[in-house]
Amino acid sequence: MNWQPKGAHLIAGQWVSTQDSFASEPAYGPSHRFAVGTPALVDQAVNAAEAAYISYGWTTRAARAAFLNAIADEIEARAEAITAIGCQETGLPDGRLNGERGRTTGQLRLFAQHILVGDYLDRRHDPALPDRQPLPRPDLKMIQRPIGPVAVFGASNFPLAFSTAGGDTAAAFAAGCPVVVKGHSAHPGTSEIIAEAIEAARQSCGLPAGVFSLIQGGNRAVGQALVQHPLIRAVGFTGSLAGGRALFDLCAARPDPIPFFGELGSVNPMFLLPAAMRARGAAIAKGWAASLTMGAGQFCTNPGIAVIRVDQADALADATLAALTEVGDQVMLTEGIADAYAKGAARMAQAPGVRALLTQMCDRRRAKPHLYRVTGADWLANHALGEEVFGPLGLIVTATDDSEMQAIAQSLDGQLTATLHMDDADMTLAQRLLPTLERKAGRIVVNGYPTGVEVADAMVHGGPYPASTNFGATSVGTLSIRRFLRPICYQNTPDALLPEGFGKS
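Residues numbered from 1 in each chain as written. Predicted model: local features only at pLDDT ≥ 70, side-chain atom pairs only at ≥ 80, totals over all residues. Heavy atoms only, no water.

**Some remarks on the side chain of R78**
Note that R78 resides in the loop between helix 2 (61–77) and helix 3 (79–90). Among the polar contacts made by the side chain of R78, one reaches the side chain of E74 at a distance of 2.7 Å. (Helix = DSSP H or I, 4+ residues; strand = E, 2+ residues; numbered from the N terminus. Polar contact = N/O pair within 3.5 Å; in protein donor to acceptor, adjacent residues only side chain to side chain.)

Here you go:
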């Protein structure tokens, strides 16, 4: 498929250009120009989404499942072209893009299957008790209903799975909500070809044009206009803490505050317990190095911190260092991300008490791994050491004893994941740590590595702030659909008025 980008926005079924444009900055291959978004386009797209909601919000589950499956089909029909433009723009290898495409289409199909079952609706019925004394009870039916138009911000590090047709969009569609996507400027061509696939699916399913729009580029005013538009009912975001917090504050400051489901980053600490280290310390170190450098460390679940007893730290450091020195430089997603990584590594090296074990020069968009070491006392004295450095950077934190390891766990901010490497002999310490780690993270990993987020019913990808802005939600897995629903109670309501779910199909 010889595909060339239009360089336009998709607004309710129409490809629209604007006066200003920006040039893409691919890792290799030709640059293309794309129209710049405007607040006026935002208003047009959101109004179309609201108009579409009046019908799409009342479609059957079967119709929405057919739409999700059709999107997956259209994406697979463009597989070769998606991989080509995605690799050019991001520098990610073919295998990674192909795998991410499979995850994206698999997620769409999983959500389609899930909504057909209907359990996510959490249907409840309290039949009328007309003879109850002292007062009768009315007939009460409760069901989850879609909230309305949803804004989604594409992510830099997952051009498919967390962007245009990624988890937030798929969840909103499954719930019955139209979507307006703000594409990420790091991969506008990838966003456009996925938008083409969604539009083709929309047309084949006979759905209203405003069900989906894509707005490319634009300055902060475009994102602000989107989250502050009075018809937007929720926002999905994956990105930096600073950018996400700014949008979160805007959502909260609206005359009618709306939920902001932001996934903002994490250092994903690993606690390496003594018996496990004695039994297989070298293997744990090698696995950490592989997880730390996967995809140039550009995963939100990258395990950046390893907490270990000080008497075992030298062995961990030596084995991890040996593994990291075998890793070559890797292309980062953008020059801006590469620059931020280099600055983050420099800050780490200059922090009080931090000892550099491996530092390497980075060449523009290419990154090499870094490794540092710090005592538990210095960690506890410097909160900034727990801030995410987006890239293949690891920090070993040494604890003098089990109590200091517990104190390090208690000092953590909210995380997406926390990992325990343990053997049976470590059970007592693990039981001491778990209540703390459970309050700090959305996913507890035992004897594994957090990179790789399974799309499944039981997955939780979220956590206490600043890992995410809503600790009761997940952005991965079927539970993510619930973010874009709200419960409605129908009292003494005739069956003919009830939405699908209570005796309707």
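There's more to say after this.
**Some remarks on the pattern of salt bridges**
In total, this model carries 19 salt bridges according to the counting rule given. Here E500 ties to R61 by a salt bridge, and the two come within 3.7 Å at their closest N and O atoms. Here R61 lies in helix 2 and E500 lies in the segment after strand 21 (485–491), a separation of 439 residues in the sequence. No difference in accessibility class separates E500 from R61, as the two residues are buried. The salt bridge involving D256 is made with R233; its shortest N-O contact spans 2.6 Å. Here D256, found in the loop between helix 8 (241–253) and strand 11 (260–263), pairs with R233, found in the loop between helix 7 (220–228) and strand 10 (234–238); they are 23 residues apart in sequence, far enough to count as distant. Classification of D256 by relative accessible area gives partly exposed; the value is 29%. One network of salt bridges, in which partners are shared, links R233, R254 and D256. (Salt bridge = Lys/Arg side-chain N within 4 Å of Asp/Glu carboxyl O. Buried < 20%, exposed > 50% of the residue type's maximum accessible area, 1.4 Å probe, protein only.)

**Looking at helix 8**
An ideal rise of 1.5 Å per residue puts 18 Å on 13 residues; helix 8 measures up with 18 Å between its terminal C-alpha atoms. Here helix 8 has its buried residues at G244, L247 and C251. The buried residues of helix 8 occupy an angular sector of 70° when the element is viewed end-on, so they sit on one face. Among the exposed residues of helix 8, those oriented more than 90 degrees off its buried face are A242 and A253. (Expected span 1.5 Å × (residues − 1). Arc of directions from axis to C-beta.)

**Quick notes on the sheet that holds strand 13 (residues 305–309)**
With mixed pairing, seven strands are arranged side by side in an open sheet as 15-17-18-13-12-19-20. Because the sheet does not close on itself, it has two edges, and the strands there are strand 15 (355–358) and strand 20 (441–446). Going from strand to strand, the sheet's axes swing by 20° on average, the running direction of each strand aside. One ladder, built from three bridges, connects strand 12 (residues 270–272) with strand 13; its direction is parallel. Bridge pairing links L272 to I308 in strand 13. Of the strands in this sheet, strand 17 (370–375) and strand 18 (393–399) touch helix 11 (residues 335–350), which is tilted by about 30° from strand 17. (Pairing = 2+ DSSP bridges. Axes fitted to C-alpha atoms, helices over the stretch in contact; angles between N-to-C directions. Contact = heavy atoms within 4.5 Å.)

Just geometry here; none of it tells us what the structure is for.
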